[in-house]
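# Descriptive structure summary
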Amino acid sequence: MNKPGPRRAGGFIRAGEADLGRIGMPRRRALELRLHHAWLQIAGHELAERLRPVRIVRGCLELECLDTQWSAALKSVLPNLVSGLAQADSGLGIRKFRILGEPGEAVSVKQPEGGGS
C-alpha cells in the first residue's frame, strides 16, 4: 500500500508566462492579469500601490493615481515606466498612456533607441 504524501507533478509554468486563453479564461480577463503582472514587475510594489493600471483602450494604457501627493513625482518617471512596460510585454499593444482624471491628451510611449522589434 502506498503512503499518502507529496506528489510530484510536472509542467508548471511560471506566473505571467501562461497562455491564459488556452485554459479557457476570457481574453479580456487574461489581458488584464497580464497587464497587472507586468506592471508589478516593472513598477515594483511601492509604486504599484500608488499608481494602478486600469485598462488598455485602443493602445492607450489608462492609469489611476491612488495617492495624489505622489502625482507630481510620478509624472517625471511615468514615461520611462510605461515604455519599459510596453517593451517587456509587447503583446499588450501599449502605444500611449494617460492618468485618469487629469486633463490633457494621452502621452505617446517612447520607442526604444535602435528600433526594437
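Looking at an unreviewed UniProt entry, the protein carries the name DUF721 domain-containing protein, with the source organism given as Candidatus Polarisedimenticola svalbardensis.

## As for the packing of helix α1 (residues 27–48) against helix α2 (residues 71–88)
In the contact formed by α1 and α2, the axes pass within 10 Å of each other and the chain directions differ by 145°. In the crossing of α1 with α2, the sense of the turn from one axis to the other is right-handed. Along the contact surface, α1 presents L35, A38, W39, I42, A43 and L47, while α2 presents L74, L78, L81, G84, L85 and A88. A per-class count over the contact of α1 with α2 returns 11 nonpolar, 1 polar and no charged.

## With respect to the sheet that holds strand β2 (residues 60–65)
The mixed open sheet is built from 4 strands, whose spatial order is β1-β2-β3-β4. Edge positions in the sheet fall to β1 (51–57) and β4 (107–108), since each of these pairs with one other strand and no more. Pairing between strand β3 (residues 96–99) and β4: 2 bridges, direction antiparallel. Its bridge partner being in β4, K96 is matched across the sheet by S108. Docked against the sheet, α1 engages β1 and β2, running at close to 155° with respect to β1.

## Thoughts on α1
With 22 residues, α1 extends only 23 Å from end C-alpha to end C-alpha; this falls clearly short of the ideal 32 Å at 1.5 Å per step. For α1, the principal kink sits at I42 and spans about 80°. For α1, every residue scored as buried is listed here: A30, L35, A38, W39, A43, L47 and A48. Residues of α1 that are buried make contact with β1, β2 and α2.

## What to know about the side chain of D89
When you line up the elements, D89 lands in the loop between α2 and β3. Residue D89 is classed as buried on the basis of its relative accessible area of 17%. Within polar-contact distance, the side chain of D89 engages the side chain of R34 at 2.5 Å.

## Quick notes on the pairing of β2
Most of β2 is tucked away: 5 of the 6 residues are buried. Taken together, the 6 bridges between β1 and β2 define a ladder with antiparallel strand orientation. Looking at the pairing, R52 lines up with E64 of β2. In sequence, β1 turns back onto β2 through a hairpin of 2 residues, with R58 there showing a positive phi of about 50°. Relative to β3, β2 is paired through 4 bridges, and the arrangement is parallel.

Quick notes on the rules
Residues numbered from 1 in each chain as written. Predicted model: local features only at pLDDT ≥ 70, side-chain atom pairs only at ≥ 80, totals over all residues. Heavy atoms only, no water. Axes fitted to C-alpha atoms, helices over the stretch in contact; angles between N-to-C directions. Helix = DSSP H or I, 4+ residues; strand = E, 2+ residues; numbered from the N terminus. Left-handed = near helix turned anticlockwise from the far one by under 90°. Contact = heavy atoms within 4.5 Å. Nonpolar A, V, L, I, M, F, W, Y, C, P; charged D, E, K, R; others polar. Pairing = 2+ DSSP bridges. Expected span 1.5 Å × (residues − 1). Bend = angle between axes of the 7 residues up to and from the residue. Buried < 20%, exposed > 50% of the residue type's maximum accessible area, 1.4 Å probe, protein only. Polar contact = N/O pair within 3.5 Å; in protein donor to acceptor, adjacent residues only side chain to side chain.

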